[in-house]
Amino acid sequence: MSVTVTEGDDAATGPSVAAAPETFRRAVETLTAAPVRREVRVEPLRPPQRLAPYSYAVSAEIIDADGKDLATGRLVLLHDPDGHEAWDGVLRLVAYASADLDEDMGVDPMLPVVGWSWLTDALEEREAPYRAAGGTVTQTTSTRFGDVHGPRTSVSIELRASWTADTSDLTSHLLAFADLLCTAAGLPPEGVTALPRG
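Here the structure is a predicted model, which means the values were calculated and not measured.

Details of helix α3 (residues 171-184)
So, step 1. Across its 14 residues, α3 extends 20 Å between first and last C-alpha, which sits within 8% of the 20 Å expected from 1.5 Å per residue.
So, step 2. α3 sits mainly inside the fold: 12 of its 14 residues count as buried.
So, step 3. For α3, the complete set of buried residues consists of Ser172, His173, Leu174, Leu175, Ala176, Phe177, Ala178, Asp179, Leu180, Leu181, Cys182 and Ala184.
So, step 4. Looking at the residues trailing α3, positive phi occurs at Gly186, about 85°.

In structure tokens:
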């Protein structure tokens, strides 16, 4: 599945994508044309304003066979042709991912470390060249009381991260982000069928 940027698309702040620098146009083209697995739904999203001269964003969802959202995320591309000292480059990717997890994982004090490794491992496995990565992982355990529907205890994880891409071909970066969401959603690796429990 892929999304397409049209000639008149105004997803970039300021000038349209078509009028943007070649580096940014190439990055958007590869970001939107990356083939993702069937459980992943990728759609263009209005990017945040004023973070960079040029920006583009997509949303991503992991959908199960019943149409239920298992994980959601956003990936924002920022481009500053003059470079940015904090980025150590001209292309910065900003990611947000959120998923509900099994209750058993909520008591694991290593969950934030594991959650961060889902991102870094995915980038390395997809051979996505990057540097200057940073972010936070938050685990939340909620317990319901009284007349509130849903499981008594639920666990969720949120990851906020950014990294600098060392190439304008962002195919591997989007695929790595999709892998992160699939892992958080509990899906097996692509091409592997999970055995039913019991």
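Back to the write-up after that little detour.
Looking at the pairing of strand β4 (residues 89-101)
So, step 1. Of all the 13 residues making up β4, 10 are buried; the element is thus mostly covered by neighbouring parts of the structure.
So, step 2. The pairing of strand β3 (residues 69-84) with β4 spans 10 bridges and is antiparallel. Counterpart to Val76 in the pairing with β4 is Val94.
So, step 3. Once β3 ends, the chain turns through 4 residues before running back antiparallel as β4, passing Asp88 with a positive phi of about 60°.
So, step 4. The pairing of β4 with strand β6 (residues 153-165) spans 10 bridges and is classified as antiparallel. Among the inter-strand pairings, Ala99 is bridged to a residue of β6, identified as Ile157.

Observations regarding the confidence of the model for the chain
So, step 1. Mean pLDDT over the chain stands at 84; residues scoring 70 or higher make up 83%.
So, step 2. When mean pLDDT is taken per element in the chain, α3 scores highest with 96 and strand β5 (residues 130-143) scores lowest with 90.
So, step 3. Low pLDDT, under 50, characterises residues 1-14; the stretch is placed with 35 contacts to residues that sit more than four places away or in other chains.
So, step 4. Across residues 194-198, where pLDDT falls below 50, the model places 2 contacts with residues more than four positions away in sequence or in other chains.

The rules behind these values
Residues numbered from 1 in each chain as written. Predicted model: local features only at pLDDT ≥ 70, side-chain atom pairs only at ≥ 80, totals over all residues. Heavy atoms only, no water. Helix = DSSP H or I, 4+ residues; strand = E, 2+ residues; numbered from the N terminus. Expected span 1.5 Å × (residues − 1). Buried < 20%, exposed > 50% of the residue type's maximum accessible area, 1.4 Å probe, protein only. Pairing = 2+ DSSP bridges. pLDDT = per-residue confidence, 0-100. Contact = heavy atoms within 4.5 Å.

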